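Chain by chain, the residues:
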There are 2 protein chains.
Amino acid sequence: MSKVKNISGFPELLPEQRLVEEGFIDKIRSIYRSYGFTPIETPAVELKSTLSSKGVIDKEIYVLRRALKDPNEKDDEELALHFDLTVPFARYVGQHYNELQFPLKRYQLQKVWRGERPQKGRFREFYQFDIDIIARETLPIACDAEILSAIHKVFTTLSIGDFQIKVNNRKILTGLYESLGLNEEQRKATIIVVDKLDKIGTEGVEVELRNQLKLSDDIISKIIAATKIRVSPHECSQALDSLNCSHEQFLLGKEEILRLFELAPKDKIVFDLSLARGLDYYTGSIFETVMTQYPEFGSVCSGGRYEDLAGQFINKKLPGVGVSIGLSRLMDLVFKNNLAPVRRTSPTTLLITVIDEAQRVKCCEVAEIFRNLHVPTEIYPASPKLGKQIEYADSKGIPFVGFIDHSNGSIKIKDLATKDEETVHDIATWCDRIRNVQ
Amino acid sequence: MSKVKNISGFPELLPEQRLVEEGFIDKIRSIYRSYGFTPIETPAVELKSTLSSKGVIDKEIYVLRRALKDPNEKDDEELALHFDLTVPFARYVGQHYNELQFPLKRYQLQKVWRGERPQKGRFREFYQFDIDIIARETLPIACDAEILSAIHKVFTTLSIGDFQIKVNNRKILTGLYESLGLNEEQRKATIIVVDKLDKIGTEGVEVELRNQLKLSDDIISKIIAATKIRVSPHECSQALDSLNCSHEQFLLGKEEILRLFELAPKDKIVFDLSLARGLDYYTGSIFETVMTQYPEFGSVCSGGRYEDLAGQFINKKLPGVGVSIGLSRLMDLVFKNNLAPVRRTSPTTLLITVIDEAQRVKCCEVAEIFRNLHVPTEIYPASPKLGKQIEYADSKGIPFVGFIDHSNGSIKIKDLATKDEETVHDIATWCDRIRNVQ
């Protein structure tokens, strides 16, 4: 027999956990669809040259090789597993540009792979759940607001605890830093340093700005002061005014974020001037979502606006805005902290018991009535003592057990939680009632 | 810019196709859940030694390698992409045996990868959708019937044309061949030859049985005669009697298949004694599903019963029965032959138009009412002429367009197919009506 063990970094869920994960996926997907996002899926495999085109770190990429090649087989172009969904999506839009309608709103739920060294807590295979809106030439700020509304609804609906969506705008940071006299290189470096605030603290940021960027104390204190601004959407305008900045980019960013807040939900949203996000890529709105009880966990959903989705694949200006939920990481947080009930190993609502194999055909017919009324129903596959059948339902978390009286065809149903029993005269009514409880 | 091209064997769908594929997945999954199958997912990656444990052809396996390793990094145990869902499921059951409840009913939809040489029509990445029921020690025939009922319901519900599920039982073949005097090696070889009937025809089978297996003309004619038996479930008993076989295995197989037919649907099912299936693995019921209009396409859903799921991973007897739908292949058939309508690039039902940005907040509020009533609704992100907004809806296949009269808050909705317009006074009633049409 082969030895069986977990491979570090490749998470695997038990059925009761996977049921919860599928439930989360269904809820998120249903919300995204309700906003008109359409599903896109790309192969897990891309040409390695496609993935490397953005200058990513090669050592995080898994390359594929056929375990055994035919002796006279020529080398194939190198294939590799995608490490995120952004590069494949950009390649997809570039490749299928003429077959797509814009604005394009897509959701994409797929696994991605990172060639990390095996180490505790690092996933090498995990789910990402992305949405983006892409337009030709110009993308209205209404799209940023739609992204913000959608993720606000997702985290409200998942009901896994209090959350906060931090919002900022890169133009505000750019304008502010430029008005302090920073050149482009310094501005980019400053954004990368400020992005580390949660990890290295205010003092750490000060040290790096002083030692690495050689900024003056006066400028550093102004940068630090700005990072202290964390206010509700209602207070955003006043907070920005307090900075006394009249730089064009700053004012443009202010206009964008005020319009964004006008169109999006207000609660759970915070205007956070310390939010920087490391990537060069972003040009306007930026978002991060944290679970309030677990700040050390970092962001569970991040993203923002960019001006050029697919420049490396097509000669078109395609601005976009989007966010990505790190679903596997989120599920890890959920399971480790019991943020969702994990109590069933089966989607079955009703188990029909069988006391005599001669009556199984009738049991199958009855089960089919319940199924057609959208109540998942299974039939015990053998006919041991009823106690054993009820035990099976109990062990899988199946809430109801049905008993057919074959002398008159009546059905008695027992609620295993309350121990209540009732004879069901109208199956459709019972199903309606139960579906709303489940 | 990078060159963008398709990689042969890695299919990629346009949004309108992926919407159809997701619709198929939702329907199949919903049916499997209605029978109480629970979701299981394994990582795409296994130890190569796990995948090779069944003696598969190594050259079909894709092995992973980090594109760039740290200089002093030790070699990791070799990782590879799974090539089917059966081996990973067996490993899963072996590994988590003590945490699972039996009988275990699981569905599993995942991509699998085959390291084929690039060639037309061969997928190197594709979806499989499997269900299985696994028991400890003994598995009642009622489980075979449940598998048969479930796939019957799947192909009925998908409505992609007439289908036929071919059913046979390995014990019948074994008993029949043994009663003709064939030893174990000959029986296995005969099953492999008979399995090729569709490809090489009756004469081809005769030639191979004569030349390779050295069987006598009398035995060959009896084997061939049996392959002609293809009857409805009702005629199965009589057809088997006509073979005058009293071998113990034959009679056991007959008992099993008659009970199976008693518990399962009767239409679209055929008892087909020519059905052999190549794999050694099967020990009882075997199934294959063909789309009647496309016999040359072969089976779209196959499986059967086996006595030993996970013997290479755990010292337990775990009999099971299951089938696998080759989902990507099925979608290929569907798209190439227009078996399902592909007409929308968006899940949106209603587009709310915007004629003045000052009214966008109100439009967002109205859209949210529709969404909360489960009608996917989007808002045009800018405010160009109405004609352009309607054109957008038309191009994406969005069926309804809404116009808000901001002077009195009333909503007029136009059906783009019929060109009918109506003023909607009761949004909930309108949504109920529309949901049932969509």
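The structure under discussion appears in the preceding block.
First things first, this report covers the structure right here in the doc. (Residues numbered from 1 in each chain as written. Chains lettered and ligands numbered in written order. Predicted model: local features only at pLDDT ≥ 70, side-chain atom pairs only at ≥ 80, totals over all residues. Heavy atoms only, no water.)

**Examining the interface of chain A and chain B**
Listed as interface residues are 107 residues of chain A and, on the opposing side, 107 residues of chain B. Across the interface of chain A and chain B, roughly 9,200 Å² is buried in total on both sides, 54% from carbon and sulfur atoms. Together, E12, E41 and R66 of chain A form the three largest contributors to the area buried by chain A at its contact with chain B, with a combined 7%. One can count 20 salt bridges joining chain A with chain B. For E378 of chain A, the salt bridge identified is with K105 of chain B, shortest N-O distance 3.5 Å. Across the chain A-chain B interface, the total number found is 49 residue pairs in polar contact (both at pLDDT 80 or more). With eight residues, the single largest contributor to the side of chain A that touches chain B is helix α1 (residues 15-34) of chain A. (Contact = heavy atoms within 4.5 Å. Buried area = accessible area lost by both parts, 1.4 Å probe. Salt bridge = Lys/Arg side-chain N within 4 Å of Asp/Glu carboxyl O. Polar contact = N/O pair within 3.5 Å; in protein donor to acceptor, adjacent residues only side chain to side chain. Helix = DSSP H or I, 4+ residues; strand = E, 2+ residues; numbered from the N terminus.)

**Description of the relation of the copies chain A and chain B**
Comparison of the two chain copies shows a relationship of rotation about an axis with a shift along it. Of the transformation placing chain A onto chain B, the axial shift is 0.0 Å and the rotation is 180°, giving an RMSD of 0.1 Å. What we have between these two chains is a two-fold relation. Taking C-alpha positions as reference, the residue of chain A nearest the rotation axis is L64 of chain A, located at 2.5 Å. Same-surface contact between copies: 100% of interface residues of chain A are shared with the interface of chain B. (Least-squares fit on C-alpha atoms with pLDDT ≥ 70 in both.)

**Comments concerning the sheet that holds strand β11 (residues 301-306) of chain A**
All names here are of chain A. In spatial order, the strands read β1-β5-β6-β12-β11-β10-β7-β9-β8; together these nine strands make up an open sheet with mixed pairing. Two strands close off the open sheet at either side, each with one partner strand: β1 (38-39) and β8 (230-231). Two elements, strand β5 (residues 104-113) and strand β6 (residues 125-134), share 10 bridges in a ladder whose sense is antiparallel. Along β6, the bridge assignment pairs R106 with D132. Most of the contacts of α1 go to β6, to which it runs at about 5°, and overall it touches β5, β6 and β12 (320-325). Its contacts with the sheet put helix α10 (residues 248-263) on β7 (163-169), β9 (269-272) and β10 (282-291), and the angle it makes with β7 is roughly 150°. (Pairing = 2+ DSSP bridges. Axes fitted to C-alpha atoms, helices over the stretch in contact; angles between N-to-C directions.)

**A closer look at the pattern of salt bridges**
Inspection of the entire model under this criterion finds 76 salt bridges over all chains. Between R305 of chain A and E307 of chain A there is a salt bridge, and its shortest N-O distance comes to 4.0 Å. Note on R305 of chain A: relative accessible area 6%, which makes it buried. Taking relative accessible area as the criterion, E307 of chain A reaches 25% and is therefore assigned partly exposed. A salt bridge links R433 of chain B to E422 of chain B; its shortest N-O distance comes to 2.9 Å. Taken as a pair, R433 of chain B in helix α14 (residues 427-437) and E422 of chain B in strand β17 (residues 421-424) lie far apart in primary sequence, 11 residues in all. Put simply, R18, E21, E22, D26, K111 and E125 of chain A together with R29, R33 and E41 of chain B are held in one network by salt bridges that share partners. (Buried < 20%, exposed > 50% of the residue type's maximum accessible area, 1.4 Å probe, protein only.)

**Brief notes about helix α11 (residues 327-336) of chain B**
Since the α-helix packs 3.6 residues into each turn, any two residues three or four apart lie on the same face. All names here are of chain B. Of all 10 residues in α11, seven are buried; the element is thus mostly enclosed. For α11, the full list of buried residues reads L327, S328, L330, M331, L333, V334 and F335. Its buried side turned inward, α11 meets α1 (15-34), β5 (104-113), β6 (125-134), α4 (141-158), β10 (282-291) and β12 (320-325).

**Observations concerning the sheet that holds β17 of chain B**
Residue and element names in this part refer to chain B. Strand order in the open sheet formed by five strands is β14-β13-β15-β16-β17, with mixed pairing between adjacent strands. Sheet topology places β14 (377-379) and β17 at the edges, where each strand pairs with a single neighbour. With direction set aside, neighbouring strand axes in the sheet form an average angle of 25°. Examined bridge by bridge, strand β16 (residues 410-415) and β17 share four bridges and lie antiparallel to one another. Residue pairing for β17: K412 is matched across the bridge by T423.

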